[in-house]
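Next come the chains, spelled out residue by residue.
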Amino acid sequence: MSSRNFILYLQQLLTMLDPKNEYSIALAKNALTTTIALAEVSGKVDPKTLRAMHTAERQFQELALHAKDFAGKPGHFEENEQKRRRLEMFLFPYC
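Because the structure is a prediction, the values reported are computed rather than measured.

J.: Describe in detail the packing of helix 1 (residues 3-16) against helix 2 (residues 22-42), supporting the description with residues and values.
T.: One can describe the packing of helix 1 onto helix 2 by two numbers: an axis separation of 9 Å at closest approach and a directional angle of 160°. With respect to each other, helix 1 and helix 2 are oriented roughly antiparallel. In the crossing of helix 1 with helix 2, the sense of the turn from one axis to the other is right-handed. Contacts from Phe6, Tyr9, Leu10, Leu13 and Met16 in helix 1 reach Ser24, Ala28, Ala31, Leu32 and Thr35 in helix 2. Its residues placed into classes, the contact of helix 1 with helix 2 shows 8 nonpolar, 2 polar and no charged.

Here is the structure:
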């Protein structure tokens, strides 16, 4: 999984979850945790992306709390791209 694909995936998770519903947050975090495990087992993820995955997992509560800052909206291509850039800066602060 590339960094770009991971950012897209994480944005999709944040778009689907309800930040006011703990069960929804738990389901999204579980999906992330399972994806990370699969990436590690497959060996098909580069170290930079794997670090970002683990950062997202550790910071998931904060990401969920601010999901509206990162979540996409159907048809809002430019705005969604800006939100992905924000998400990328959150996960890759030194890039």
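J.: Which residues make up the packing of helix 1 against helix 3 (residues 47-58), and what values go with them?
T.: Relative to each other, helix 1 and helix 3 sit at 20°, their axes nearing to 9 Å. Between helix 1 and helix 3, the crossing angle belongs to the class labelled roughly parallel. Crossing of helix 1 against helix 3: the hand is right-handed. Counted together, Ser3, Phe6 and Leu10 of helix 1 and Lys48, Thr49, Ala52, Met53 and Ala56 of helix 3 form the full contact between these two elements. When grouped by side-chain class, the residues that make up the contact of helix 1 with helix 3 number 5 nonpolar, 2 polar and 1 charged.

Cut-offs applied
Residues numbered from 1 in each chain as written. Predicted model: local features only at pLDDT ≥ 70, side-chain atom pairs only at ≥ 80, totals over all residues. Heavy atoms only, no water. Axes fitted to C-alpha atoms, helices over the stretch in contact; angles between N-to-C directions. Helix = DSSP H or I, 4+ residues; strand = E, 2+ residues; numbered from the N terminus. Parallel < 35°, antiparallel > 145°, perpendicular 65-115°, else oblique. Left-handed = near helix turned anticlockwise from the far one by under 90°. Contact = heavy atoms within 4.5 Å. Nonpolar A, V, L, I, M, F, W, Y, C, P; charged D, E, K, R; others polar.

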